[in-house]
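The lines below spell out each chain.
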Amino acid sequence: MSKNMNITLIGMSGVGKTTIGKLLSKKLDYGFVDVDDLIKKKIGTGLQSFIDSSGDAAFLELEEQVVLDLDPSGNCIIATGGSMIYSETAMEHLRSISTVVYLDAPFDRIARRIDPFKRGVVGLKDKSLKELYNERRVLYEKYRDVHIKIEQGERKKAIADRIIAICFKKNDS
């Protein structure tokens, strides 16, 4: 595992990108970047209050800019926001600097884990959480290098181990 490699986690809000990202970071002794945290630091407020006051489009623009400014030198785990997938420019950048891993959990698990009105979920003014889930799945599939289907009750540690096994096997070939 001496190769320089970044891993980007994509998927719906509530799928566990931050938690799994921190686990991966610890297991691999990699750096960890949470895009949502970078945005919060930049705007000085919560994501939902920014979305409420400035709108979805302004948030998506800010999210894209934060990602385009990312240039990890390698050995970094990047956890993105669930709406990152709406920026083709940002996703192409992430693909150029990392292996993109789609964390795919069933809708009922996502719905149980998040309060979408406190979480900062883009698109809820016009669509239900279920509609966003269905719309985004297509985009997550489009940009992913690796697809990790999360099983009901699967532990985060087991998911992290699967990501490591797949990503490092993939890069050895």
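Residues numbered from 1 in each chain as written. Predicted model: local features only at pLDDT ≥ 70, side-chain atom pairs only at ≥ 80, totals over all residues. Heavy atoms only, no water.

### What to know about the side chain of S87
Okay, step 1: Position of S87 among the secondary structure elements: in the loop between β3 (76-79) and α5 (88-97).
Okay, step 2: The exposure class assigned to S87 is buried, which follows from its relative accessible area of 9%.
Okay, step 3: In terms of polar contacts, S87 uses its side chain to reach the backbone amide nitrogen of A90, at 2.9 Å. (Helix = DSSP H or I, 4+ residues; strand = E, 2+ residues; numbered from the N terminus. Buried < 20%, exposed > 50% of the residue type's maximum accessible area, 1.4 Å probe, protein only. Polar contact = N/O pair within 3.5 Å; in protein donor to acceptor, adjacent residues only side chain to side chain.)

### Considerations on the side chain of T80
Okay, step 1: Structurally, T80 can be placed in the loop between β3 and α5.
Okay, step 2: On the basis of relative accessibility, which here comes to 3%, the residue T80 falls in the buried class.
Okay, step 3: Within the structure, the side chain of T80 is placed 2.9 Å from the backbone oxygen of L9, a separation counted as a polar contact.
Okay, step 4: Setting aside anything within four residues of it in sequence, one finds T80 in contact with T8, L9, I10, K17, V35 and L94. (Contact = heavy atoms within 4.5 Å.)

### Overview of the sheet that holds strand β2 (residues 31-34)
Okay, step 1: Pairing is parallel across the open sheet formed by five strands, whose spatial order is β2-β3-β1-β4-β5. Sheet topology places β2 and β5 (146-149) at the edges, where each strand pairs with a single neighbour. Recorded for the sheet is a direction-independent mean angle of 20° between the axes of neighbouring strands.
Okay, step 2: Pairing analysis gives four bridges linking strand β1 (residues 6-10) to β3, with the strands arranged parallel. Looking across to β3, one finds that L9 is bridged to A79. (Pairing = 2+ DSSP bridges. Axes fitted to C-alpha atoms, helices over the stretch in contact; angles between N-to-C directions.)

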